[in-house]
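Residues per chain are reported as follows:
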Amino acid sequence: MQRQVALIKQSLFDQGYLDEQFMELEELQDDANPNFVEEVAALYFKDSARLINNIDQALERGSFDFNRLDSYMHQFKGSSTSIGASKVKTECTMFREYCRAGNAEGCLRTFQQLKKEHATLRKKLEHYFQAS
């Protein structure tokens, strides 16, 4: 069972879903708080769902407030960085670059990819936490 968990975790790194920040979170977990990383991940997914909803609503309005979108994505990138969500963080960076350039099409395209990466990471981490 331990070997399977190690392989699942390694695949998350090999596929680029997680970076070293996730390992640092795991180092903070101990016997006093054995579910620390899972709880942090749950908070991340709860908060990021709120941010995705806010961004969705802002994009649906059609008039692009790039400053507001950039602000939401700044928050999203920060929380993604804190748990080591590498692919999501990369999409956040791209989205912010499109905001700065005033590129609405780039924002829309990148946001769709971000949501895909976010959903994939969620499924993969749920699988990892169930196995561990």
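Residues numbered from 1 in each chain as written. Predicted model: local features only at pLDDT ≥ 70, side-chain atom pairs only at ≥ 80, totals over all residues. Heavy atoms only, no water.

The name given to the protein chain in an unreviewed UniProt entry is Histidine-containing phosphotransfer protein, and the organism recorded there is Arabis nemorensis. Its UniProt record gives the protein chain the following Function (unreviewed entry) comment, quoted word for word: "Functions as a two-component phosphorelay mediators between cytokinin sensor histidine kinases and response regulators (B-type ARRs). Plays an important role in propagating cytokinin signal transduction." (UniProt positions renumbered as here; feature names shortened; annotations may be inferred.)

Novice: Hey, could you run me through helix H5 (residues 86-101) in this one?
Specialist: The first and last C-alpha atoms of H5 sit 23 Å apart over 16 residues, in line with the 22 Å expected at 1.5 Å per residue. Considered for burial, the residues of H5 that qualify are Ser86, Val88, Glu91, Cys92, Phe95, Arg96 and Cys99. Buried residues along H5 sit in contact with helix H3 (36-60), helix H4 (66-83) and helix H6 (104-131). Remark: Gly102 follows H5 within two positions and exhibits a positive phi of approximately 70°. (Helix = DSSP H or I, 4+ residues; strand = E, 2+ residues; numbered from the N terminus. Expected span 1.5 Å × (residues − 1). Buried < 20%, exposed > 50% of the residue type's maximum accessible area, 1.4 Å probe, protein only. Contact = heavy atoms within 4.5 Å.)

Novice: Where do I start with the environment of Gln29 in this structure?
Specialist: In this fold, Gln29 is placed in the loop between helix H2 (20-28) and H3. Sequence spacing of Gln29 and Glu105 is 76 residues, and the spatial spacing of their C-alpha atoms is 41 Å. Discounting residues that sit within four places of it in the chain, Gln29 has contacts with Pro34, Asn35, Phe36, Val37 and Glu38. A distance of 3.2 Å separates a polar side-chain atom of Gln29 from the backbone nitrogen of Phe36. Polar side-chain contacts of Gln29 include one of 2.9 Å to the backbone nitrogen of Val37. (Polar contact = N/O pair within 3.5 Å; in protein donor to acceptor, adjacent residues only side chain to side chain.)

Novice: Would you take a moment to explain the packing of aromatic side chains for this structure?
Specialist: What describes a pair of aromatic rings is the distance from one ring centre to the other and the angle between the planes of the rings. Under the counting rule described, the total for this entry stands at six aromatic pairs. Their ring planes at 65° and their centres at 6.5 Å tell us that Phe13 and Phe22 sit as a pair that is edge-to-face. Judged by relative accessible area, which is 1%, Phe22 ranks as buried. The rings of Phe13, Phe22, Tyr128 and Phe129 are connected pair by pair, giving a single aromatic cluster. (Phe/Tyr/Trp six-rings, centres within 6.5 Å; stacked < 30°, edge-to-face > 60°.)

Novice: Got a minute to help me understand the pattern of salt bridges in this structure?
Specialist: Any two side chains of opposite charge can pair, given that their charged atoms come close. Within this structure, the stated rule accounts for six salt bridges. Between Arg50 and Asp47 there is a salt bridge whose closest N-O contact spans 2.6 Å. Here Asp47 and Arg50 lie together in helix H3, a separation of three residues that amounts to about one turn. (Salt bridge = Lys/Arg side-chain N within 4 Å of Asp/Glu carboxyl O.)

Novice: Would you explain the UniProt feature "modified residue: Phosphohistidine" (unreviewed entry) in the protein chain in this entry?
Specialist: Using the residue numbers shown here, the UniProt feature "modified residue: Phosphohistidine" (unreviewed entry) corresponds to His74. Counting through the fold element by element, His74 comes out in helix H4.

Novice: I keep staring at the packing of H2 against H3 and nothing clicks. Help me out?
Specialist: Taken N-terminus to C-terminus, the directions of H2 and H3 make an angle of 130°; their axes are 8 Å apart at the nearest point. Overall, the two elements H2 and H3 adopt an arrangement that is oblique. On H3, the residues that touch Phe22, Leu25, Glu26 and Leu28 of H2 are Phe36, Val37 and Val40. Residue composition of the contact of H2 with H3, grouped by class: six nonpolar, no polar and one charged. (Axes fitted to C-alpha atoms, helices over the stretch in contact; angles between N-to-C directions. Parallel < 35°, antiparallel > 145°, perpendicular 65-115°, else oblique. Nonpolar A, V, L, I, M, F, W, Y, C, P; charged D, E, K, R; others polar.)

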